[in-house]
Structures are given as structure tokens and as C-alpha cells.
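Residue-level structural notes
Now for the letters of each chain:
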Amino acid sequence: MAKKPYYITTAIAYASGKPHIGNTYEIVLADSIARYKRFIGYDVRFQTGTDEHGQKIETKAFEELSTPKEFVDEKAAEIKRIWDLMNTSYDKFIRTTDEYHEKQVQKIFKKLYDQGDIYKGSYDGLYCTPCESFWTKSQLVDGCCPDCGRPVKEASEEAYFFKMSKYAPKLIKYIEDHPEFIQPEARKNEMVNTFLKPGLQDLCVSRTSFKWGIPVDFDPKHVVYVWIDALSNYITGLGYDADGNSDEMYKKYWPADLHLIGKDILRFHTIYWPIMLMALGEPLPKQVFGHPWLLQSDGKMSKSRGNVLYADDMVDLFGVDAVRYFLLHEMPFENDGVVSWELLIERVNSDLANTLGNLVNRTISMSNKYFDGVVNNTGVSEEVDDDLKRVVSDTRLRVNICMDKLRVADAITEIWNLFKRCNKYIDETMPWVLAKEEDKQDRLSTVLYNLIESITIGASLLESFLPDTSARILAQLNTQKRSVTEMGQFGLYPNGNKVTDTPEILFARIDTEAMLDEIERRFPSKEPEPQPDPEEEKKKAEAKAKAEKSVPDSVQAVQKALLTIDDFDKMQLQIGEVLSCEEVPKSKKLLCSQVKVAGKVLQIVSGIKNYYSPEDMVGKKVVVITNLQPAKLAGVLSEGMLLCAEDDNGDLALLTADKDVPAGSMIS
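Summary of the structure given here.

Before going further, it helps to spend a moment on the packing of aromatic side chains. Under the defined criterion, the tally for this structure stands at 26 aromatic pairs. Ring centres 6.2 Å apart and planes at 25° place the aromatic pair phenylalanine 318 and tryptophan 341 in the stacked group. With a gap of 23 residues between them, phenylalanine 318 in helix H11 (residues 311-318) and tryptophan 341 in helix H13 (residues 341-371) connect regions that are remote in the sequence. The exposure class assigned to phenylalanine 318 is buried, which follows from its relative accessible area of 11%. A relative accessible area of 13% means that tryptophan 341 is categorised as buried.

So, in C-alpha cells, the structure goes:
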């Protein structure tokens, strides 16, 4: 029976520099999903690659006295090196400078032009070079690009445009009919309510202000803009042909089962890309998953802030599988994750060295000590064995449920629960006590057999996430990885088999202080900010105090009754991110916001319409009371409260976070 095909892709990495650990997370996440799908019997096609055209690359190449092609050749090789270092099992690494890709992009552009979906016009707007995006003035945030926060500049040029609005109703219906298309759920609501329903503008799909791109073959002064060029890699990499002569591989694997991308490029993959496919008459991908970001402990990674971490540096200190474990286990399903050297050390010591490494080491050591490494099930069972076998047998089913929902961190937790149950089993059965009693030798043999069998099953499940560690465990147990069909049977480890004579230390415990010293030596912190002169600070404080005495308070606050700490503790205050916002019908004061808070989205109605427009609200990190009893305002359910400050004139100002902290962060 032929295997069912499964096609998974990552976003293609922009070939402008070395990918940091947050970028690397995506390829490791995709690899774990691809490996697991192979494990349970799918015929997997896993594609990744690099996005290599655009003004930013042309500019950077010029700055480095290089040609754009030389520049992207070097950067693409570095990205591929990192992906290979992380032991990722991709089947195809596509580059948008590949000749076959460029040829098909030209064909796609011409096809869309010939059928009237692309037309020539001119663009006058505000342009962000790093994002390669045009914006209207109303879309800017504090006068800057809403995506990256950098300055924009006025630009005007002749361009070709794609008729996006023509397909918007069809896309809205598709999303409504396929609720699994955009995941997680909160991201779907954002795309529909913020971008699709308000109306789509036609999309600029060519440029004339730079040359490093794929030429429009019938109008060579234009180059194809990033949207058609980059997004079409998902089909050109399978052998798609716009003339209708696509390869058998395309017919086999398309539509994609999963596009795995960062949440910041969700709009391009769930609006622009599906509409392009509709215009081409091709099926849409089955699912697009916008994963959260991996942030440094002090905020988003930034070279200018000196807080960028790179995968190869981390691997050099901790090893590939330790870094893979950290990336996959620490990243929540919907919320941004946090990475720090201290947290990585803690996970290596507690989860890898202690829970897993110590379990394997002492089980093999006891087998060698008591039975010269020979493993036998003598059938002397006790009630405690049944619970161990139940946990081990259920783990495969639990892992499968998690992986079906793309909850990779939860799947790993289930495997670690198996290893923790094995450690508990050792404490319950106390093999060292059994070894002292001659009539308990058969029982001791069964106990060790049960442990070896359980670890074999756990290591087999672990292969999708920590492939090298899985292989090392199975080699020490002198056995092979179990197939998915064998997972349901406990007791397949062959009697009389012999484990390795000398167990290998899988993960050594780390001296935290020594490792942090080594990290500081290799990656020294930025120079501390210069300390202010004490005398100057004293003068400023005196001047401030004098000014405060001479100017009456502009806000006269009425003192309320004093609270105890227990009263305050009853309120749950968290940071929320406004995903979408709209006016409440027939209300002069109310706005209804969808606010993401720690894995869920709250609907909150607020009387702030006179001070904020719905567009102003989207993207704000606001302070929310999240444990209020739900209530209806103007007939609309409200599940929380946004906090505001109010002056004597009744003007309101939302309380917002002054740093980019993850939605859901507690306020205490």
C-alpha cells in the first residue's frame, strides 16, 4: 500500500545575514514535524530555502563591495550550514536565484498579466526598505513602518499591481469553510477582521528603483517584487509549470499539508499567497501555522542591542540535541517563548542530564552489575508493573494527539513523563534491595527488563525531536528503533539480549557558575551605560522639587479607601496584545477589542471610542484585568477590562507596556 504524501515547508530565509536562534527555531520545529510524520508512515516532502532578491540585498552587496550574486551565494551557504548543523532532514533547499525558479516566476507573472489580474500603474507612497513594503500614512505607527518600526521614506514609481480585491470575497468564504486553514485560531481572527473584511488594496508586484530581481520578461525595466518571487517557491520547488506541464512530483505533493511560518509574515501567506493561487487556478495549502517568536530574556533579539544568540555558538557549548530540546520544549503553542543562557543550563541539568541521562545510565549500570548486561523477562510481575506499562503504552497515543495539533512542546512533555515514570518505578521497586535477596533475583531481572523495554519505547518516540540522542540510547541498549505499529506492544525487547558494557554519559551536568563565566568570556556583554554624575543628579532633583512646588497639580485625585495586599492580590493583571478592534454598533462610546492573553483571546468592550480609533488599537500591548466576571455592555459580551488613566478634563490614555513583553505577562 502506497504511503500517503505529506508536504511541509518553512518560510524561506532572507539571505541578508546569519540567522539567529529565533530564525533557527522554525527549521528545527519543521524538522520535528517532518520526522514524526515519516515515523508514523507518511511519504514526506520537506522543503526550505532562501529568499535572495530585493533592494536590501542589492544595497548590502554594494556596501560590501560585492555583486549581489556573490553576496547571496555566501549568505545562502551560511544559512544552509546552520540548518545542516541542527541536523534537519529537509528534502529540498530551494534558492530564489535558481534558474528554474526564476523562469517559472516570469511565466507566472505573464500568465496573471495576460488574464487581467495584473495591470500597470504607478505608486506614490511611503516605503520601508528593510521590509520592502509600501505603506499609506494611516498605516504607519508613530510615523514608522508598522512591521519593523523603522523609518520610511516617500517613494514614487511606475509599477505593476495585482487585483487583490477581486478575490477577497472568495478567500473569506474559503477561510470560513476551512476553520483549520489558519492556525492558531487567534491568528485567523486577526487576518479576517483586520485585513480582509475592511477591504484589500491592490498589491504592488513589480519595482523599477532597483535591479536585483527577476526581470519582467515583457517589460525588462521592471523586476518582479518579493510577493510573487518568494511565495511561489512552494510550488516551483515541486516542479510546477505555469504552462500546464507540471512534474509528477507537483501533482503528488501539492497542495501543501503545512506551511510553517513566523507570525510576522502570516498576512503574506494567508492573504497574498492564497489569492495568487486562486488566480492561477491551483488548490490552496491545507494549513498555515503562524508560530510565535523566540525572544531573548530582555526582549526581541537585535544586533544593535547586542543580545543576538546564534545556533552555532549554543551548539559549541551545549551540543546539537541540547539546543534542539530547548528550542522545541520551551516554545509555547501560541505565545512568544524566552531564551536565556541561564534557562538553557537549567534545562540541560534538570531534564537532559538528570531525568533522561541518569535514568539510562543507572539502568544499564544495574543490568551490568547484577546480570552481566544480559536482559531477561522472567515473568515475575507485581501490581506496580501495570501502571508503568500503562503509562508507556499510552505515551504513543498522547504524543500522536499532540503532534496532530502541532503542539510539539506538549508532545515532548509526554515523552519526558514516560522517563519520569521510569525513574519513579526504580524508586518503587528498589533494585539494589532486590539484589541482596537470593530469592528475588527473578523479580530483579523482570524489573530491569521492564525498564529497558520502557526506555526503548521512549527513545524510539524521541527520535523525531532528538535524533542523535535517540540513536545513542538505542545503541547502548543494543536494539533498534521501534516502528509505530510495534509501539502498542510491551515486551518486544528480546530475552537474552545484552546491553553495552560501559554506559555513555548522554548529557553531563553543567557547573552553572563556570559556564556563565565561559559565556561571558566568549560573548562579553556590552559596555555598561555611563553612570550619571551624582552632583548633576542632585541639582536636577532639587530643580524638579522646586518646580513641583510652584505648579499646582493638574489632576486632583480623590483618595479611595486603603486596600490590603490580599485585596490587591484578588485582581489578575496581565499584558494583552490587541489583535483586532471594531466599533460596537449603535454605541457612541464603545469599542470591542479581541485581546490575546496567555494562550487565549478575550473579547473586551471599552468606552474609549472618543479617544482611539479601531485602527489605533491594533497591535497595542495593553494592561488588562483578566479575572473580571464577564458582563454584557450594549448587548456585547465583555470578558475583561482595559486600564486607562483619566485627567480632570475626562481625557483617557490607555496604560501600555513600555517594552515589548510577551502577551500574557503577569503584572505584580
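Bringing a nonpolar patch on the surface into the picture now. Side chains of Met430, Trp432 and Val433 sit close together on the surface and give an oily, nonpolar patch of about 240 Å² of accessible area. Structurally, valine 433 is set in helix H16 (residues 431-434). Owing to a relative accessible area of 32%, valine 433 belongs among the partly exposed residues under this scheme.

Before going further, it helps to examine unusual backbone geometry. With an omega dihedral of -5°, the bond running from glutamine 183 to proline 184 counts as a cis peptide bond. Considering the arrangement of structural elements, one finds proline 184 in the loop between strand S8 (182-183) and helix H6 (185-196). Of note, the amide linkage connecting tryptophan 254 to proline 255 takes the cis form, showing an omega dihedral of 10°. Its location among the elements puts proline 255 in the loop between helix H9 (248-253) and strand S12 (258-262). One non-glycine residue, aspartate 142, adopts positive backbone phi at about 55°. One can find aspartate 142 in the loop between strand S6 (133-135) and strand S7 (153-162). Phi at aspartate 372 is positive, roughly 55°, even though this residue is not glycine. In this structure, aspartate 372 sits in the loop between H13 and strand S16 (374-375).

Quick notes on the rules
Sequence order as written defines the numbering, with residues in each chain counted from 1. Local features are withheld for residues below a pLDDT of 70 in this predicted model, meaning they are given only at 70 or higher, and side-chain atom pairs are given and counted only at 80 or more; totals for whole chains, interfaces and linings count all residues. The side-chain quantities take in all heavy atoms of the structure and omit both hydrogens and water. What counts as a ring pair is set by centres within 6.5 Å for rings of Phe, Tyr and Trp (its six-membered ring), and what kind of pair is set by the plane angle: stacked under 30 degrees, edge-to-face over 60, tilted for all other angles. Here a strand is any run of E in DSSP of at least two residues, a helix any run of H or I of at least four, and the numbering for each starts at the N terminus. Residue burial is assigned from relative accessible area. The probe radius is 1.4 Å, only protein chains are included, and a residue is buried under 20% of its type maximum, exposed over 50%, and partly exposed in between. Note that patches include only residues with greater than 30% relative accessible area and no salt bridge, and the join distances are 9 Å for like charges and 5 Å for nonpolar side chains (Val, Leu, Ile, Met, Phe, Trp, Tyr). Surface accessibility follows the Shrake-Rupley procedure with a 1.4 Å probe radius. Residue values consider only the protein chains on display as shielding. Take a side-chain nitrogen of Lys or Arg and a carboxyl oxygen of Asp or Glu: if they are within 4 Å of each other, that pair is a salt bridge.

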